[in-house]
Amino acid sequence: MEHEAIGENRTRPTLTLLLTARRCPVECVFCDLWKHNHPGATPVGSIPHQIRGATASLTSPVGTWAIKLYNGGNFTDPLSIPPADWPEIAELCKPFERVIVENHATMCGERLLRFRDLLSPQLEVAVGLETSNPDVLARQQKQMTLDDFAGAAEFLQRNEIALRCFVMLQLPHANPKKCVDDAVQAVIHAAQAGAQFVAIIPTRSDTPAMQKLIATGEFVSPTLMQLETALHDSLSQIRTDDSGCVVTADTWDIEMVRHCPTCQDARIKNIQAMNSRQQSLPVSRCDRCGS
Ligand SMILES: [Zn+2]
């Protein structure tokens, strides 16, 4: 369980479930989530079983909590989350205030409404925007355009489903010197499309495909300082535009992000503070790395 920001100095208890399901059929260049999943269709009953296992031991009331059902793919992909399981999933999520699922922009359509109609809690859908640069986006094998994203955002808003977005800090085939500005632009793009929450994710490179791109110079891993700066700059812009959008830097495996050993701790602490307070705090200074 984590306390996730929902506004300035306001958080919500959130239970994140990383469900084992069928591997995502969209094979984005930068993605490594498939490593945790399997190629075959998810058996009926498996997802409710996993949710029950994770929620059975909860002792405190969860009426103000969110539950994230992350399947490393798309919720409305019937081979990943069998629709036959939807009613049971909805029943298991009933005690929560909010249910957050992941979905590809091109899959945010009528099928999603059928799941929403089964739910008592508010539905929120997390969509990977990744970048607002159309040329870079086109080179990620994501099978999504900015128009697809705009269509999904509009559909969700019209149907009172909350939108959360993922933005990547540094993608393959993008200019590494511009990665901070690119991420901030993507955050603003997401907020303007109606996202209530945007997470900036430093692109990982633990797959053979990404290692190959590093070797050829087509990908340069982002640094912790760039992540801190991207969060700082995004919050500075977002807090003045009145959208109320929450912006965080993803801290999963943050120790693995490229860093200078002298300032690593200070930067991680500052990122965590900005995440929870939703205020832009000064970027850490360091004599060793000269920033
Ligand atoms: Zn340093």
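Structure: above.
The sections below set out a description of the structure shown in this document.

What counts as what
Residues numbered from 1 in each chain as written. Predicted model: local features only at pLDDT ≥ 70, side-chain atom pairs only at ≥ 80, totals over all residues. Heavy atoms only, no water. Core = buried A, V, L, I, M, F, W, Y, C linked by side-chain atoms within 4.5 Å. Buried < 20%, exposed > 50% of the residue type's maximum accessible area, 1.4 Å probe, protein only. Helix = DSSP H or I, 4+ residues; strand = E, 2+ residues; numbered from the N terminus. Contact = heavy atoms within 4.5 Å. Pairing = 2+ DSSP bridges. Axes fitted to C-alpha atoms, helices over the stretch in contact; angles between N-to-C directions. Phe/Tyr/Trp six-rings, centres within 6.5 Å; stacked < 30°, edge-to-face > 60°. Lys NZ or Arg CZ within 6 Å of the ring centre and 35° of its normal. Donors = N, O, S within 2.8 Å, 3.2 Å for Na, K, Ca; no water. Tetrahedral: all angles 85-135°; square planar, octahedral: opposite > 155°, others 65-115°. 1 Å grid on protein atoms, 1.4 Å probe; cavity = no way out; pocket = protein on both sides within 12 Å on 5 of 7 lines; lining within 4 Å. Points joined across faces, edges and corners; volume = space filled by probe spheres on them. Nonpolar A, V, L, I, M, F, W, Y, C, P; charged D, E, K, R; others polar.

Ile51, Ile67, Leu69, Ile89, Val125 and Leu156 are the most contacted members of the largest nonpolar core, which has 71 residues in total. With nine residues, helix 6 (residues 179-192) is the largest single contributor of residues to this core. Not counting the four nearest positions on each side in its chain, leucine 69 is found in contact with Leu17, Leu19, Ile51, Phe75, Ile89, Cys93, Val99, Ile100, Val101 and Glu102. Formed by 22 residues, the second largest nonpolar core is a distinct cluster that contains Val26, Met168, Ala174 and Phe219.

Within a sheet, neighbouring strands are paired by backbone hydrogen bonds and run either parallel or antiparallel to one another. Across the sheet, eight strands lie side by side as 1-2-3-4-5-6-7-8; this open sheet has mixed pairing. At either end of the open sheet lies a strand with only one pairing partner, and these are strand 1 (2-7) and strand 8 (246-249). Geometrically, the sheet is characterised by an average inter-axis angle of 30° between neighbouring strands, direction not taken into account. Pairing analysis gives five bridges linking strand 2 (residues 10-18) to strand 3 (residues 66-70), with the strands arranged parallel. The residue of strand 3 that forms the bridge with leucine 18 is tyrosine 70. Along the sheet, helix 6 contacts strand 5 (122-130), strand 6 (162-169), strand 7 (197-202) and strand 8; its crossing angle with strand 6, the most-contacted strand, is approximately 170°.

Another point: the packing of aromatic side chains. If you walk through the whole model with that rule in mind, you get four aromatic pairs. Their ring planes at 85° and their centres at 6.3 Å tell us that tyrosine 70 and phenylalanine 166 sit as a pair that is edge-to-face. Placement of the pair is tyrosine 70 in strand 3 and phenylalanine 166 in strand 6, with a sequence separation of 96 residues. On the accessibility criterion, tyrosine 70 (11% relative accessible area) is buried. A network of ring pairs unites the aromatic residues Phe75, Trp86 and Phe115 as a single cluster. Here arginine 164 stacks its cationic end above the ring of phenylalanine 197, 3.8 Å away from the centre of that ring.

In summary, the side chains of a regular strand alternate between the two faces of the sheet. The side-chain alternation of strand 8 yields two buried faces, one formed by Val246 and Thr248 and the other by Val247 and Ala249. Note: strand 7 against strand 8, four bridges, orientation parallel. Note on strand 8: the bridge partner recorded for phenylalanine 197 is valine 246.

Only Cys260 (SG), Cys263 (SG), Cys286 (SG) and Cys289 (SG) from the protein reach the zinc ion as donors, at distances of 2.2 to 2.3 Å. One can describe the site at the zinc ion as tetrahedral: its four donor atoms subtend angles covering 102 to 118° at the metal. Sequence positions of the donors to the zinc ion reduce to the motif C-x2-C-x22-C-x2-C. Residue cysteine 263 is classed as buried on the basis of its relative accessible area of 5%.

One non-glycine residue with positive phi stands out, namely histidine 173, at about 65°. Inspection of the secondary structure puts histidine 173 in the loop between strand 6 and helix 6. With a relative accessible area of 23%, histidine 173 lands in the partly exposed category. Backbone geometry at aspartate 253 places phi at a positive 60°, although glycine is not the residue there.

On to the layout of surface pockets. Empty space within the largest pocket amounts to approximately 1,200 Å³. Elements supplying a minimum of two residues to the lining of the largest pocket: strand 1, strand 2, strand 3, strand 5, strand 6, strand 7, strand 8 and helix 9 (264-277). Looking at the lining of the largest pocket residue by residue, the classes come out as 19 nonpolar, 17 polar and ten charged.

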